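Examination of the molecular architecture
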Amino acid sequence: MVLVKLFAFFREGRGKELEVAWHEGLTAGEIIDDLGIERERVAILLINGRHQTPETVLEDGQKLFLFPPVAGG
Amino acid sequence: MKSYNGKLLRVNLTEGTIKKEPLDEDLARKYIGGRGLGTKILMDEIDPQVDPLSPENKMLVMTGPLSGTTASTGTRYMVITKGALNNMIASSNSGGHFGAWLKYAGYDGIIFEGKAASPVYLDIHDDEVELKDASALWGKTSEEVVAALGGDDKNSSVLNIGPAGEHLSLLAGIMNDTDRAAGRTGVGAVMGSKNLKAIHVVTENRRTEAADPDKFREVSNANTKMLKEHPVTGEGLPTFGTAVLVNIINGIGSLPVKNWQSALNSDPDSFSGETMADERLVRNNFCHHCTIGCGRVVKMGDKVIGGPEYEPLWAYGSSCDVHDLDAIIEANYWCNELGLDAIGAASTIAAGMELYQIGAIPEADCEGVPLEFGSGKAIVEWTKHMGRADNALGKLMAQGSWRLCEHYGHPELSMSVKKQEMPAYDGRGVQGIGLNYATSNRGGCHVRGYTISPEVLGAPMLVDRTTTEGKAELVKVFQDLTAAIDSLGLCLFTSFALGAGEYAALFSAAIGEDISADEIMTIGERIYNIERQFNKLAGMKPEDDTLPKRLLDEPLTDNEASEGMVSHLDVMLPEYYKARGWVDAFPTEETLARLEIV
């Protein structure tokens, strides 16, 4: 399984988190597509806390965090 | 020179005299205004070794050339003085309305000198400027001072200290428009030491004339369009405010918990921007001429108040480990009311909680409110005690975490740089921000060089947060650009969408000269160097450019995002000095000459 956590606008209609079944070769991009999120709207993509890209292949048990463009200070 | 009023007020509080002096346009051209020009004037007029709380220190309230213009966020002002928190340059920036109102009233800034014999406030009605008795205002909170002086008059804006500044708390900020703050570096203590309670400005003017009005309008409108269309300044910040960072910074394992004992919070959504937006937000709070509106107006019981930003949400919520949003909102409210720096106050309480945890602060000192991590009651009550100095421990804590921790024999537990508490990003997990903290001229601070933008948020491009490579140059560029933005009178948040080229175009149209992006960066570098030179003359030592031992020696654990990380300051610092043209932490004669600092 992959634990997916969503933040800011991505929570609208999708909730805060969900679990996705893992399979060999599963990429972050596939999950983003399945969630109906446009890939270019993902500004920060973290896998186990490290910045990655939609092309990154996930391992079983990893955590995927998705953020739209936001900032603060 | 257009976009300036060409006029400074000089207020001698000892003599009770007020003079209107011409602005030195050559200096303004070289240091822009605000932070830069204020520092240059301070450097020229005081001995940097002066006791910061003595009448010999001066305090400047400075606008920039773009304050009071139609440029988006053109309302900022800066307070510049020698600070009592660390005996170095103190400069603190604020939004709201006050900066624009001072400019509209006809002044580029105010130089306060001396000390009044009894409490006074400065009353400005355009050309008419008068010192008035403030005895009845002494002891009053921000809401009370604003109600007494300005009320709901839309032509009025009030800047004030709270009780914290009156009793010379080194964490005292200067408030304006009730809930905006020049919060950091203890500037409120300097104002309090001068018996100056408030500045009240009344004006009906709403116009600052640019040298090339058509060009200025064109550039300003183009920049505003960029800010509105940018996903961060047009959508993210307006919707969630700065607190949207809680989940991001926690996501990379760099949100300090329990006075930086760890950096991964177990329940960040209890105080996140998303939760604030869902459960507490009444409306956005816009500073004058701001098109972003990141501020939060929230409910506290029946009251509608200015809500906490990311920093106090982190400091009270994560560093004090309090997951009670009502308590955090109330503690932040008391910072505004009593005039405390919310980062410094909350971080000092967090340090007190760790001292209590290890038994260094005995139960008997806690006046019935134990400094236990997680206690909502403790953060509210100890904030009030610090702001009012109404008991022994509160009075000590009001002097900041460094003095508190030193008093109880554990200076290493003060999470501060140059005695100022660090903000909400762990320099172990994000290498560049640690270098920025260590080299900040005013002590632990994120808004001197906000490398979180590239290192975490990916703006303008993503840089690996875990490496030291390239961080020296990155920190330098961010510090220099920020110094220029602070001097122009604009909000740093514009830099999520705008770059040096856009600022140069605005400044050019404002003053009618062709200023390049490179020159903006050079001016920023000049400002950063003159601040450093001030610190050198004030007695700063090279070893002051460091981080708390915890960040250098205690690796993050149980934190897969940043597991095992410490700050590699030893690698970055020499590279940074080389990039700056500094030796042993200070500018060389060659560097000062290159930047025309005389």
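Look up: the structure comes first, before these words.
Computed from a predicted model, the values in this text were never measured in an experiment.

The next subject is the layout of surface pockets. All names here are of chain B. Here the largest pocket is characterised by a volume of approximately 630 Å³. What lines the largest pocket is a set of 29 residues, among which His97, Asp177, Thr178, Asp179 and Asn285 lie closest to the centre. Counting residues per element, the ones that place at least two in the lining of the largest pocket are helix H4 (142-149), strand E9 (156-160), strand E13 (281-285), strand E15 (303-306) and helix H12 (325-338). Here the lining of the largest pocket is composed, by residue class, of nine nonpolar, 11 polar and nine charged.

Attention now goes to the packing of aromatic side chains. Aromatic ring pairs: the centre-centre distance and the angle between the two ring planes describe each pair. Residue and element names in this part refer to chain B. As enumerated under the stated definition, the model contains 14 aromatic pairs over all chains in all. Arranged with centres 5.3 Å apart and planes meeting at 70°, the rings of Tyr77 and Phe98 form a pair that is edge-to-face. A residue pair is termed long-range when its members are at least 10 positions apart, and Tyr77 in strand E4 (residues 77-82) and Phe98 in helix H3 (residues 98-104) qualify at 21 residues. By the burial criterion, Tyr77 is buried, and Phe98 matches it. Within the aromatic cluster, the residues linked to one another by ring pairs are Tyr310, Tyr425, Tyr450, Phe493 and Phe496. Over the ring of Trp334 we find Arg388; its NZ or CZ atom is 5.1 Å from the centre of that ring. Just above the ring of Trp402 sits the side chain of Lys419; from NZ or CZ to the centre is 4.3 Å.

Take the sheet that holds strand E5 (residues 63-67) of chain A next. All names here are of chain A. If you trace the five strands from one edge of the open sheet to the other, you get E2-E1-E5-E3-E4, paired in mixed fashion. Of all strands in the sheet, those with a lone pairing partner are strand E2 (17-20) and strand E4 (50-51), marking the two edges. Judged from the two bridges that link them, strand E3 (residues 44-47) and E4 form a sheet pairing that is antiparallel. The residue of E4 that forms the bridge with Ile47 is Arg50.

Contacts between chain B and chain A engage 34 residues on the former and 20 residues on the latter. Counting the surface lost from both chain B and chain A, the interface buries some 2,100 Å², and carbon and sulfur atoms represent 62% of this. Remark: the boundary between chain B and chain A carries eight residue pairs in polar contact (both at pLDDT 80 or more). Contributing elements (two or more residues each) for the side of chain B that touches chain A: helix H8 (231-240), helix H9 (245-251), helix H11 (310-319) and helix H18 (452-457) of chain B. Top element by residues in the side of chain B that touches chain A is H8 of chain B. It accounts for seven residues.

A few words on the environment of Val571 of chain B. All names here are of chain B. Mapped onto the fold, Val571 is located in helix H23 (residues 569-580). Taking the relative accessible area as the measure of exposure, Val571 reaches 35% and is therefore partly exposed. Sequence-wise, Val571 and Asn93 are 478 residues apart; in three dimensions their C-alpha atoms are separated by 31 Å.

This next bit is on the packing of helix H13 (residues 342-357) of chain B against helix H14 (residues 376-388) of chain B. Residues and elements named next belong to chain B. It is at 10 Å that the axes of H13 and H14 come closest, and there the two elements cross at 115°. The two elements H13 and H14 cross, and the hand of that crossing is right-handed. Contact with H13, carried on its side by Ala345, Thr348, Ile349 and Met353, involves Ala378, Ile379, Trp382, Thr383 and Met386 of H14 and no other residues of that element. Here the residues of the contact of H13 with H14 sort into seven nonpolar, two polar and no charged.

Excluding glycine, residues mostly carry a negative phi; peptide bonds, for their part, are mostly trans. All names here are of chain B. The peptide bond linking Ala459 to Pro460 adopts the cis configuration, its omega dihedral lying at 0°. Tracing the sequence through the fold places Pro460 in the loop between H18 and helix H19 (471-488). Notably, Asn87 is not glycine yet its phi reads approximately 60°, a positive angle. Mapping Asn87 onto the fold places it in the loop between E4 and strand E5 (89-94). Judged by relative accessible area, which is 35%, Asn87 ranks as partly exposed. The phi dihedral of Lys258 is positive, around 45°, even though this residue is not glycine.

Residue and element names in this part refer to chain B. The mixed open sheet is built from six strands, whose spatial order is E2-E1-E6-E3-E4-E5. Edge positions in the sheet fall to strand E2 (17-22) and E5, since each has one partner strand and no second. Averaged over all pairs of adjacent strands, the angle between strand axes in this sheet comes to 15°, irrespective of strand direction. Where E4 lies against E5, six bridges are found, and the strand directions are antiparallel. Its bridge partner being in E5, Lys82 is matched across the sheet by Ile89. Sitting on the sheet, helix H2 (residues 34-45) touches strand E1 (7-12), strand E3 (58-63), E4, E5 and strand E6 (109-113), and the angle it makes with E3 is about 155°.

About the criteria used
Residues numbered from 1 in each chain as written. Chains lettered and ligands numbered in written order. Predicted model: local features only at pLDDT ≥ 70, side-chain atom pairs only at ≥ 80, totals over all residues. Heavy atoms only, no water. 1 Å grid on protein atoms, 1.4 Å probe; cavity = no way out; pocket = protein on both sides within 12 Å on 5 of 7 lines; lining within 4 Å. Points joined across faces, edges and corners; volume = space filled by probe spheres on them. Helix = DSSP H or I, 4+ residues; strand = E, 2+ residues; numbered from the N terminus. Nonpolar A, V, L, I, M, F, W, Y, C, P; charged D, E, K, R; others polar. Phe/Tyr/Trp six-rings, centres within 6.5 Å; stacked < 30°, edge-to-face > 60°. Buried < 20%, exposed > 50% of the residue type's maximum accessible area, 1.4 Å probe, protein only. Lys NZ or Arg CZ within 6 Å of the ring centre and 35° of its normal. Pairing = 2+ DSSP bridges. Contact = heavy atoms within 4.5 Å. Buried area = accessible area lost by both parts, 1.4 Å probe. Polar contact = N/O pair within 3.5 Å; in protein donor to acceptor, adjacent residues only side chain to side chain. Axes fitted to C-alpha atoms, helices over the stretch in contact; angles between N-to-C directions. Left-handed = near helix turned anticlockwise from the far one by under 90°.

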